[in-house]
Amino acid sequence: MSRRAAMAVGLLVATFAGYRWWNGDERQIRRQLAAVAAVVSHDSPALGVAALAEVAGLATYLAPDVTIDPGPPGAPLRGAQDVVSSAGRLRAAVPVFQLAFVDVQVAPAAGDTATVRATARISMQGRDGAGSTDARELEITMRWLDGRWVVAAARAVPTLQPVR
Amino acid sequence: MPGRAWLRLAVVGPSPSRTLARAAVLLLVSAVTFGWLLRPVRGAGISMRPTIDDGALAFIDRTAYWWRPPARGDIVAVQMAGPSVVFIKRVIGLPGEQIAIRDGVVEVDGRPLVEPYVARRRPWQVAPFRLGDDEYLLIGDNRDMAAEDHDFGTAARDRLLGPVRVW
């Protein structure tokens, strides 16, 4: 094989590997979770049409039958509409809310689902200006639906086992 | 000294290769020290007040528990899903001990625990329970909040990353 042909094959292999990496399940899932965090986060109490449309866009990242269990004191949410409504209420009630998923670990996908472990880091500021921070370990189930990964379930996993 | 020779001398020294080697060693030592052995963390939240304030800088000593088990009174970092975010709590109960909390006072094997680091306390109540062979009871220093609002509970030994040094 000539040197030029070897270089062409190498370039093709590298391009294919790069494409596979860029479109790999793990990377897609990380992108979806980052998008969810971006939609839910806000740094102003805006409640205009644009803000409502942004919150409504959250549904595109969720399975229709999604379940979210944030752990105490939050109540479980069932269904994408319930989750979107809650996000809307959150935006109205909390002027500043920042959510980030860190330490995201994606388990190899089995069939059309994948399991993700992550820590949700939350910081918020109330109407009185008082800030607070929280962190929760999460177990998230992602489902491949209509050509993309969506959140099918998420539940908070207690870091410390309760004793009360 | 002519031209910028003095600047070159100040930045890379008389022997550039030796300076480069020193910089590499310094970088490696810093990366190992602060990336693993003595990991810096910043306090967030109120559960460890008044010992650790919001925004305080602290370091997790990852080597301490190589030589000894966690001890009562240690401020420890608790592993969450990964290395970026950790819980910081104080070790209150050790494996095998019987614990209860009556009117905010922790009792270990029936005796009240002296906790000088607790400034004020609310009357928390926890019925007596015994810790397992690998379980530690962890509570924050801020007991001046409702028990329902304070994350406390037990964790296995392998969750405790190391004692936290606060400066």
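From a predicted model like this one, the values you see are computed outputs, not experimental measurements. Sequence order sets the numbering: in each chain, residues are counted from 1 along the sequence as written. Just so you know, chain letters begin at A and ligand numbers begin at 1, following the order they were written in. Residues qualify for local features only when their pLDDT is at least 70, as the model is predicted, and side-chain atom pairs are given and counted only at 80 or more; totals for whole chains, interfaces and linings, by contrast, use all residues.

Another aspect to go through is the nonpolar core. Joining buried Ala, Val, Leu, Ile, Met, Phe, Trp, Tyr and Cys residues through C-beta atoms within 7 Å gives a set, and that set is a nonpolar core. With C-beta atoms placed from the backbone, the exposure class of a residue follows from how many other C-beta atoms lie within 10 Å of its own: 20 or more, buried; 12 or fewer, exposed; in between, partly exposed. With 55 residues, the main nonpolar core has A:Met142, A:Val151, B:Ala77, B:Val86, B:Ile88 and B:Leu138 as its most contacted residues. In this structure, B:Leu138 is in contact with A:Leu160, B:Val76, B:Val78, B:Lys89, B:Arg90, B:Val91, B:Ile92, B:Phe152, B:Gly153 and B:Ala155, ignoring residues within four places of it in sequence. Here contacts are defined at the residue level, using C-beta atoms placed from the backbone and a cut-off of 7 Å between them.

It is worth spelling out unusual backbone geometry at this point. The residue after B:Arg49, namely B:Pro50, is reached through a cis peptide bond having omega 5 degrees. Even without a glycine there, the phi angle at A:Asp103 is positive, about 50 degrees. Helix and strand definitions here come from DSSP, where helices need a minimum of 4 consecutive H or I residues and strands a minimum of 2 consecutive E residues; each element is numbered from the N-terminal end. Position of A:Asp103 relative to the elements: it lies in strand E3 (residues 96–106). At B:Asp109, a position not held by glycine, the phi torsion is positive, near 50 degrees. Within the element layout of this structure, B:Asp109 appears in the loop between strand E6 (105–108) and strand E7 (111–112). For B:Asp109, a count of 13 C-beta atoms within 10 Å corresponds to the partly exposed category.

To continue, consider helix H4 (residues 80–93) of chain A. Residue and element names in this part refer to chain A. In this scheme, a helix's expected span is set at 1.5 Å multiplied by one less than its residue total. The end-to-end C-alpha distance of H4 is 20 Å, a good match for the 20 Å that 14 residues give at a rise of 1.5 Å each. Of the residues making up H4, those classed as buried are Ala-80, Val-83, Ala-87 and Arg-91. Mapping the buried residues of H4 onto a view down its axis gives an arc of 80 degrees, with all of them on the same face. In H4, the exposed positions that point more than 90 degrees away from the buried face belong to Arg-89 and Ala-93. Where H4 is buried, its residues contact helix H2 (25–40), helix H3 (49–56), strand E1 (62–69) and strand E2 (77–78). Relevant arc is that of directions from the helix axis to the C-beta atoms, nothing else.

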